[in-house]
Amino acid sequence: MSRLQLDRLELRELNLPLKYPFETSFGRTTNRRVLIVQVIDNSGATGYGECVAMEGPFYSAETIDTAWIIIAKHIAPLLATQGIRADNVFQTLSAIRGNQMAKGAVEAAIWDLESKRLSLPLWKHLGGTRTEIACGVSIGIQSSTDELLEVIARELDSGYQRIKIKIKPGQDLKLVQVVRSRYKDIVLSVDANAAYSLDRDAALMKELDNYNLLMIEQPLAPGDLVDHAKLQRQLSTPLCLDESIASAADARHALELRACRIINIKLGRVGGFSQAREIQALALQHEIPVWCGGMLETGIGRAHNIAMSSLPGFTLPGDVSASQRYWSEDIIEPEVEVSSRGTIEVPTAPGFGFRVRNDRVEKLTVRSETVPVGSLTTSTSAV
Ligand code: OSB
Ligand code: MG
């Protein structure tokens, strides 16, 4: 691939109401503020990325507002160098610490652009090997156990291969007991979003160990690999890390410490596809399965997740579900659909593989900014 010469970035904030509020141990989301990044090269070709940073700094430190500033002020100038390749974007941005979701959104847009210029579906360009991906659902905290059971029944009916329920202190063991006694054989996991501590909750975790869970996702604080390793030694249920893995280095540390037996990879959390591929390769070396996490994405981020899920090593069902689970109308067409076997077929069109519904995007836009690549200077420029 010859190097791309970028001309500008178009940033847009969309405001989309979720079909149903989504509640986790860190908060409740009813409306998604979504940052869409469009990159345009000097031939006029474009690529799309979605920044998955949330409204508040509760899942991770980034928010949609910090990501906007980082992209406009600090990422765009670094993309002005003598042309760019998608697999080198993360390295090009290495002077910027952290801010993975901002980096990941821009990188994803450049991957989309590059695959379009090559007339290749993104998943193929990335080295994906799967033409159909396995899907699970993530079910937020509900207002009653009956409601949770109803939602689970509906999702199983739709064909989803794995049910994940959110837990938080006070709403954990009982939920698992009820769900497991109703459904003896389903593939079930829980996600705590870092709400527990080893000191306080080791006994509870050992109780959870009795319910044949596929995994316990991120029980402890993001930085706490050592306590995750201690906890993993006491459990037969695999721990899965989500928030803890923000880089390939984090993954290596977690694997060396045996802090988990499964890794959830989110494009935004790790800074894009190149880091995701590195983590996937490391995990494969350790014979640790990975799966694709979700961040309540619109169709654009969802499509990037589908592409990532086609990579080798993504052997467990991901949190990649149908557009209709979150949105009454998506911003892409066709919408992402899930078969009755709980699978999504990878698209065959070049790039991320779906059309953007520009009319709808326009209507949902609450702010936009055009950032010329290279014409801005940072107050502290890295050398
Ligand atoms: O921990 O996986 C998580 C949504 C927002 C923030 C964190 C998480 C989630 C989900 C939803 O679980 C996954 C999805 O998009 O379906
Ligand atoms: Mg999670």
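Residues numbered from 1 in each chain as written. Chains lettered and ligands numbered in written order. Predicted model: local features only at pLDDT ≥ 70, side-chain atom pairs only at ≥ 80, totals over all residues. Heavy atoms only, no water.

Section: the pattern of salt bridges
Between side chains of opposite charge, pairing is possible as soon as their charged atoms come close. For clarity, the cut-off: Put simply, a salt bridge is a Lys or Arg side-chain nitrogen that is within 4 Å of an Asp or Glu carboxyl oxygen. Helix and strand assignments come from DSSP, with helices taken as H or I runs of at least 4 residues and strands as E runs of at least 2, each series counted from the N terminus. Three exposure classes are used, based on accessible area relative to the maximum for each residue type with a 1.4 Å probe and protein chains only: buried under 20%, partly exposed in between, and exposed over 50%.
Per the counting criterion, the structure on display carries 27 salt bridges. The salt bridge partner of Arg12 is Glu362, with a shortest N-O separation of 3.3 Å. Here Glu362 lies in helix α14 (residues 358-364) and Arg12 lies in strand β1 (residues 6-24), a separation of 350 residues in the sequence. Of the charged contacts, one joins Glu155 and Arg325 as a salt bridge, the two residues approaching to 2.9 Å between their closest N and O atoms. Placement of Glu155 in helix α5 (residues 145-158) and of Arg325 in helix α13 (residues 323-326) is noted, with a sequence separation of 170 residues between them. Here Glu155 falls in the buried class, since its relative accessible area comes to 6%. Residues participating in the shared-partner salt-bridge network are Arg162, Lys164, Lys166, Asp191, Glu217 and Asp319.

Brief notes about the site of ligand 1
The cut-off we apply is this: Nearness here has a simple test: a residue counts as near a molecule or strand if at least one of its heavy atoms is within 4 Å of that partner. What qualifies as a polar contact is a pair of N or O atoms within 3.5 Å, subject to a donor-acceptor requirement within protein and to the restriction that residues adjacent in sequence count only when both atoms come from side chains. Accessibility throughout is a Shrake-Rupley quantity obtained with a 1.4 Å probe, and a residue counts as covered only by protein chains that appear here. Think of a 1 Å grid over just the protein atoms. A cavity is a set of points where a 1.4 Å probe fits yet cannot get out, a pocket is an open set with protein on both sides within 12 Å along at least five of seven lines, and lining residues have an atom within 4 Å of a point. Placement in a cavity or pocket follows one criterion, namely that more than half of the molecule's atoms lie within 2 Å of its grid points. What counts as a domain boundary in this text is fixed by an automatic or database domain assignment.
Taken together, 18 residues sit near ligand 1, with Ser138, Lys166, Asn193, Leu296 and Tyr326 positioned nearest. Residue Asn193 places a side-chain N or O atom 2.7 Å away from an oxygen atom belonging to ligand 1. Asp242 is positioned with one of its side-chain polar atoms (N or O) 3.1 Å from an oxygen atom of ligand 1. Relative to its unbound accessible surface of 390 Å², ligand 1 loses 99% to contact with the protein. Here ligand 1 occupies the largest cavity. When residues of the shell around ligand 1 are assigned to domains, at least three fall in each of domain 1 (6-119 + 357-382) and domain 2 (124-355).

A word on the sheet that holds strand β2 (residues 27-41)
Quick note on the threshold: Strands pair, by our definition, only if DSSP identifies at least two bridges between them. Angles shown run from 0 to 180 degrees and are taken between the N-to-C directions of axes, each axis being a line fitted to C-alpha atoms and, for helices, limited to the stretch in contact.
Spatially, the four strands line up as an open sheet ordered β3-β2-β1-β15, and their pairing is antiparallel. Each edge of the open sheet is held by one strand with a lone partner, namely β3 (46-51) and β15 (365-372). Across this sheet, the average inter-strand angle for adjacent strands is 25°, counted without regard to direction. Pairing of β1 with β2, which is carried by 14 bridges, proceeds in the antiparallel orientation.

A closer look at unusual backbone geometry
Backbone geometry follows two general trends: most residues other than glycine have a negative phi, and most peptide bonds adopt the trans configuration. Look at the link from Glu333 to Pro334: it is a cis peptide, with omega at -10°. Within the element layout of this structure, Pro334 appears in the loop between β12 (332-333) and β13 (343-345). Its identity as a non-glycine residue notwithstanding, Ala194 has a phi of 70°, on the positive side. Tracing the backbone through its elements, the reader meets Ala194 in the loop between β7 (188-191) and α7 (198-208). Even without being a glycine, Glu287 presents a positive backbone phi close to 55°. Turning to its location among the elements, Glu287 is positioned in the loop between α11 (273-285) and β11 (290-292).

What to know about empty space enclosed by the protein
To locate leftover empty space, one rolls a probe as large as a water molecule over the atoms. Spelled out, the test is: Grid points are joined across faces, edges and corners, and a volume is the space filled by probe spheres set on the points. Put simply, Ala, Val, Leu, Ile, Met, Phe, Trp, Tyr, Cys and Pro go in the nonpolar bin, Asp, Glu, Lys and Arg in the charged bin, and everything else, Gly too, in the polar bin.
Summed over the entire model, instances satisfying the criterion amount to three cavities of 30 Å³ or more. Here the largest cavity is characterised by a volume of approximately 240 Å³. Phe22, Lys166, Gly294, Met295 and Leu296 are the residues nearest the centre of the largest cavity, which is lined by 24 residues in total. Among the secondary structure elements, those contributing two or more residues to the lining of the largest cavity are β1, β2 and β6 (162-166). Of the residues in the lining of the largest cavity, the class split is seven nonpolar, nine polar and eight charged. The two domains that each donate at least three residues to the lining of the largest cavity are domain 1 (6-119 + 357-382) and domain 2 (124-355). Approximately 100 Å³ is the volume found for the second largest cavity.

Some points on the coordination of the magnesium ion (ligand 2)
Six octahedral donors at a metal ideally form angles of 90 or 180 degrees, and four tetrahedral donors ideally form angles of 109.5 degrees. Filter applied, for reference: Distances up to 2.8 Å from the metal define which N, O and S atoms are donors, and 3.2 Å serves for Na, K and Ca; water is absent from the atom set, so sites may look incomplete.
Around the magnesium ion (ligand 2), the protein supplies Asp191 (OD), Glu217 (OE) and Asp242 (OD) as donor atoms, at distances of 2.1 to 2.3 Å. The sequence pattern describing where the donors of the magnesium ion (ligand 2) fall on their chain is D-x25-E-x24-D. Taken together, the residues span a long stretch of sequence, with Asp191 in strand β7 and Asp242 in the loop between β9 (239-241) and α9 (248-257) at a distance of 51 residues. When its relative accessible area of 0% is taken as the criterion, Asp242 is described as buried.

Overview of the nonpolar core
Rules: Side-chain atoms within 4.5 Å are what join buried Ala, Val, Leu, Ile, Met, Phe, Trp, Tyr and Cys residues into a set we call a nonpolar core. Contacts are assigned to residue pairs with any non-hydrogen atoms lying within 4.5 Å of each other.
Core analysis: the largest hydrophobic core is formed by 126 residues, its most contacted members being Leu79, Ile110 and Ile263. Broken down by element, this core gets its largest block of residues, nine residues, from helix α3 (residues 100-117). Two domains each donate at least three residues to this core, and these are domain 1 (6-119 + 357-382) and domain 2 (124-355). Discounting chain neighbours no more than four positions away, the residues touching Ile263 are Cys240, Leu241, Ile245, Ala251, Leu255, Ile279, Ile288, Pro289, Val290 and Trp291. Counting residues in each nonpolar core, the second largest holds five residues, with Met215, Cys240, Ile262 and Leu316 among its members.

Considerations on the domain arrangement of the protein chain
Operational definition: A simple way to read buried area is as the amount of 1.4 Å-probe accessible surface that goes missing from two parts once joined, with both sides added.
Partitioning the protein chain into structural domains gives domain 1 (6-119 + 357-382) and domain 2 (124-355). For domain 1 and domain 2, the distance between their C-alpha centroids amounts to 23 Å. Taken together, the contact between domain 1 and domain 2 spans 40 residues of the former and 48 residues of the latter. On the domain 1 side of the contact with domain 2, Phe22, Tyr59 and Arg357 bury the most area, a combined 20% of that side's loss. Our enumeration of links across domain 1 and domain 2 arrives at three salt bridges. When the shortest N-O distance is used, the salt bridge between Glu329 and Arg360 registers 3.8 Å.

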